[in-house]
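Each chain, letter by letter, is given below.
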Amino acid sequence: MVGDLVNSDEIGQIYATLAEDVAGREERLQEELPIETTAEIHTHLRSVVNDWETGRKSLRTVPVCSAYAHELDRPLGDSLKRLLTGLDASINVLDDIIDTQDLSPRARIGLTVNAGFSAVLLAEHSPPDARNEIRDRLRDYFTALFQIPLVEQRLFASMADTEDEHRRHEAATQIYAYRSRDIDAFADIAAIVTDPNVEAEQRLRRDLRTYRARRLLLKDIRDVERDLRDDDMTPVIYLLQHHETTGDVLDAVTDLYRRFSYSEDGNKRYGETLRELEKVPDDLHSVLSGAKDHVDAAETL
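Predicted model only: the values in this text are computed from it and were never measured. (Residues numbered from 1 in each chain as written. Predicted model: local features only at pLDDT ≥ 70, side-chain atom pairs only at ≥ 80, totals over all residues. Heavy atoms only, no water.)

**Q** Break down the layout of surface pockets for me, with residues and values.
**A** A volume near 1100 Å³ is recorded for the largest pocket. Taken together, 36 residues form the lining of the largest pocket, with Asp95, Asp99, Glu152, Arg179 and Asp232 sitting closest to its centre. Going through the elements one at a time, helix H4 (78-99), helix H7 (148-160), helix H10 (198-222) and helix H11 (224-229) are the ones with two or more residues in the lining of the largest pocket. Considering every element that reaches the lining of the largest pocket, the biggest residue donor is H4, with 7 residues. Within the lining of the largest pocket, the residues separate by chemical class into 11 nonpolar, 6 polar and 19 charged. The calculated volume of the second largest pocket comes to roughly 540 Å³. (1 Å grid on protein atoms, 1.4 Å probe; cavity = no way out; pocket = protein on both sides within 12 Å on 5 of 7 lines; lining within 4 Å. Points joined across faces, edges and corners; volume = space filled by probe spheres on them. Helix = DSSP H or I, 4+ residues; strand = E, 2+ residues; numbered from the N terminus. Nonpolar A, V, L, I, M, F, W, Y, C, P; charged D, E, K, R; others polar.)

**Q** Describe the environment of Ser79, listing the residues and the values that go with them.
**A** Along the chain, Ser79 turns up in helix H4. By relative accessible area, Ser79 is classed as partly exposed at 35%. The spatial distance from the C-alpha of Ser79 to the C-alpha of His125 is 5.6 Å, given a sequence separation of 46 residues. (Buried < 20%, exposed > 50% of the residue type's maximum accessible area, 1.4 Å probe, protein only.)

**Q** Before we move on, can you summarise the packing of H4 against helix H6 (residues 131-145) with the specific residues and values?
**A** The interhelical angle for the contact between H4 and H6, taken along N-to-C directions, is 25 degrees, at an axis separation of 13 Å. By the angle class used here, H4 and H6 are roughly parallel. The chirality of how H4 crosses H6 is right-handed. Here Leu83, Leu87, Ile91 and Leu94 of H4 come into contact with H6, specifically with Ile134, Leu138, Tyr141, Phe142 and Leu145. Of the residues that constitute the contact of H4 with H6, the class distribution is 9 nonpolar, no polar and no charged. (Axes fitted to C-alpha atoms, helices over the stretch in contact; angles between N-to-C directions. Parallel < 35°, antiparallel > 145°, perpendicular 65-115°, else oblique. Left-handed = near helix turned anticlockwise from the far one by under 90°. Contact = heavy atoms within 4.5 Å.)

Below you can see the structure in the form of structure tokens.
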């Protein structure tokens, strides 16, 4: 059986260590500056760790490394974890850049700092003999990733244009299915480094997409109040707006959740670990009831 599995604290510490290294470099640089202080860019790096700890941002590295460790029956190497941590930070930064309409100068600096240093982690820990393959996978990944805003826009429009509940649910399913591709490069890079057999690689990729779709759905449920405040539309908010009772919403969300399922072999090997990482609320009805109250209140303003 696998030894210690990767967890969010371990991944956060990788990025926190990067912040500590940068803090030391800034301190040494201070003597060369013509001013009395530094930009303290290390604080921007630590903010990413805080986003992971509070759940504001997702960690894709944890489920990928955990699933692969179960599949291979061994812990994964530190270099792979550091590489994927850099990619995680980079994707979260890009997500904020896309989603935030008005960036303050400080926010813009913080995002730029993390974009730069997360790229350093990627470059430092890409295996030399696999760099070309990783490069190609990343090119495919970013090409697919930057379609997400358009995909969401068109599918939300199709949800708004129909009164057919089945078509609304199909559009919501497609949104989560496409958004789940933001875990693909993590699964692909883990496969390049660990070299599982082809069947296992394909199964892990599919199951990690299932995990990600479920995780995104559950995160949208928890984030309803914040998304309303930020004027971010999600399929969950749309369902809350178009169902009269919490029970109806619960049925709709449950149906949506069950549209994504793990493979039989995946369930046996790492299904329990991934389900735990999904973070299903203990009382989903209660959480949705509170979310519907927020939606109803917003519609009366």
